[in-house]
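# Summary of structural features
These are the residues of each chain, in order.
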Amino acid sequence: ISFAFQNENPVRFGYFYYDNPVAAGNWTDFAAAGANFKLDIEPVTTLKLQLGVYLEGFFNGSTMIADTVRVIAHSTTSPYPNIDTAKAVVGSNGLGTFSFCKLNNDSCYIYEVRHRNHITTWSHLLCEKIDQCDKLYNFRNSASQAFGNNVVFVAGSPGGFAFYGGDVNEDGIVDATDIIAIYNDASAFAGGYINTDANGDMTVDLSDLLIAYNNSSNFVSEIRP
């Protein structure tokens, strides 16, 4: 079920009501209350993809700092057009559940996964169907799950493969522009939920700079079909 508020001015009498939480069971007419919003409830069929993702900067080998990730489902036929997009929070265990409205369970897809300061990573080009509840695609357990094996292994318990960090400007490559952006924010003692915080600790400092510097030195970039 999806919910949406919609403005209606004037609101029609006798059509839309809201419940008064103070006086249980006391329903108030939106129009009589001078409120201009009505609530639409629309049933939507979705297919769910459970994604296993570790983010290099956010993952210490055991747990991960939770953050929002965006998944774009593409056709497996070149030039791999976008079919649908979904966003969800990936939790401390590296798992997130993404709901798609435009996919169907008898077609194949490849997945492009984006994060605000990690390298965009694609799934392998094999046929992947969302043909069961909470279908799992797991980037964490094998480098071959990522197109071009474009992941890094982070040791720990349990450890796992992670997306490369440090692409703070999201241009598909970790380079001097990312290093400079982090350096400038670190010099200004910047903090909070900002892209230059490459390790997710809400502070921009040397630890963030090292992630970008190491991956820049290794010429890390997005590998896409």
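Everything here concerns the structure above.
Let us look at the structure shown here. (Residues numbered from 1 in each chain as written. Predicted model: local features only at pLDDT ≥ 70, side-chain atom pairs only at ≥ 80, totals over all residues. Heavy atoms only, no water.)

On a plain count of helices and strands, the chain comes out with 3 helices and 13 strands. For the chain, whose C-alpha radius of gyration is 22 Å, the value lies well above the compact-globule estimate of 17 Å for 225 residues. Dimensions of the chain along its principal axes, counting C-alpha atoms only, are 65 × 50 × 35 Å. Here the chain holds 225 residues, and the buried ones make up 41% of them. (Helix = DSSP H or I, 4+ residues; strand = E, 2+ residues; numbered from the N terminus. Rg over C-alpha atoms; globule rule 2.2 N^0.38 Å. Buried < 20%, exposed > 50% of the residue type's maximum accessible area, 1.4 Å probe, protein only.)

The next point concerns unusual backbone geometry. With an omega of 0 degrees, the peptide bond running from asparagine 9 to proline 10 counts as cis. Tracing the backbone through its elements, the reader meets proline 10 in the loop between strand S1 (2-7) and strand S2 (17-20). In the segment running from serine 78 into proline 79, the intervening peptide bond is cis, with an omega of 10 degrees. With respect to the helices and strands, proline 79 occurs in the loop between strand S6 (67-75) and strand S7 (82-90). Notably, tyrosine 80 is not glycine yet its phi reads approximately 60 degrees, a positive angle.

A few words now on the sheet that holds strand S11 (residues 135-138). Taken in spatial order, the 3 strands of this open sheet run S8-S5-S11, and their pairing is mixed. Only two strands of the sheet have a single neighbouring strand rather than two, namely strand S8 (95-100) and S11. Direction aside, the axes of adjacent strands within the sheet are offset by 25 degrees on average. With 6 bridges connecting them, strand S5 (residues 47-52) and S8 associate as antiparallel partners. Residue pairing in the sheet places lysine 48 in a bridge with serine 99 of S8. (Pairing = 2+ DSSP bridges. Axes fitted to C-alpha atoms, helices over the stretch in contact; angles between N-to-C directions.)

This paragraph deals with the packing of helix H2 (residues 176-187) against helix H3 (residues 206-217). It is at 9 Å that the axes of H2 and H3 come closest, and there the two elements cross at 170 degrees. Classified by the angle their axes make, H2 and H3 are roughly antiparallel. For the pair H2 and H3, the contacting residues are Ala176, Ile179, Ile182 and Tyr183 in the first and Asp208, Leu209, Ala212, Tyr213 and Ser216 in the second. Among the residues forming the contact of H2 with H3, the class breakdown is 7 nonpolar, 1 polar and 1 charged. (Parallel < 35°, antiparallel > 145°, perpendicular 65-115°, else oblique. Contact = heavy atoms within 4.5 Å. Nonpolar A, V, L, I, M, F, W, Y, C, P; charged D, E, K, R; others polar.)

Residues Leu51, Val71, Phe98 and Phe100 are the most contacted members of the largest nonpolar core, which totals 40 residues. Mapped by element, the contributors of at least two residues to this core are S5, S6, S7, S8, strand S9 (109-115), strand S12 (152-154) and H3. Residues within four places of leucine 51 in sequence aside, it is in contact with Val71, Gly94, Leu95, Gly96, Phe98, Val113, Leu136, Tyr137 and Phe139. (Core = buried A, V, L, I, M, F, W, Y, C linked by side-chain atoms within 4.5 Å.)

Under the counting rule described, the total for this entry stands at 5 aromatic pairs. Their ring planes at 70 degrees and their centres at 5.2 Å tell us that phenylalanine 153 and phenylalanine 161 sit as a pair that is edge-to-face. Taken together, Tyr111, Tyr137, Phe139 and Phe163 form an aromatic cluster joined through their ring pairs. Lying over the aromatic face of tyrosine 193, arginine 116 brings its terminal NZ or CZ to 3.7 Å of the ring centre. (Phe/Tyr/Trp six-rings, centres within 6.5 Å; stacked < 30°, edge-to-face > 60°. Lys NZ or Arg CZ within 6 Å of the ring centre and 35° of its normal.)

On to H2. Given a rise of 1.5 Å per residue, 12 residues ought to cover 16 Å, and the 16 Å separating the end C-alpha atoms of H2 matches this to within 8%. Phi for phenylalanine 189, located one or two positions after H2, is positive at around 55 degrees. (Expected span 1.5 Å × (residues − 1).)

The next point concerns the sheet that holds S6. Strand order across the open sheet formed by 4 strands is S7-S6-S9-S10, with antiparallel pairing between neighbours. Each end of this open sheet is capped by a strand with a single partner; those strands are S7 and strand S10 (118-122). In this sheet, neighbouring strand axes are inclined to one another by 15 degrees on average, regardless of whether the strands run parallel or antiparallel.

Take leucine 136: it is sitting in strand S11. With relative accessibility at 40%, the residue leucine 136 sits in the partly exposed group. Not counting the four nearest positions on each side in its chain, leucine 136 is found in contact with Gln50, Leu51, Gly52 and Leu95.

This paragraph deals with a nonpolar patch on the surface. Together, Phe5, Phe37, Leu39 and Ile41 give the surface a local cluster of nonpolar side chains, amounting to about 440 Å² of exposed area. With 3 residues, strand S4 (residues 37-42) is the largest single contributor of residues to the nonpolar patch. Along the chain, isoleucine 41 turns up in strand S4. (Patch = residues over 30% accessible without salt bridge, like charges linked within 9 Å, V, L, I, M, F, W, Y side chains within 5 Å. Areas by Shrake-Rupley, 256 points an atom, 1.4 Å probe, with all protein chains shown as cover. Salt bridge = Lys/Arg side-chain N within 4 Å of Asp/Glu carboxyl O.)

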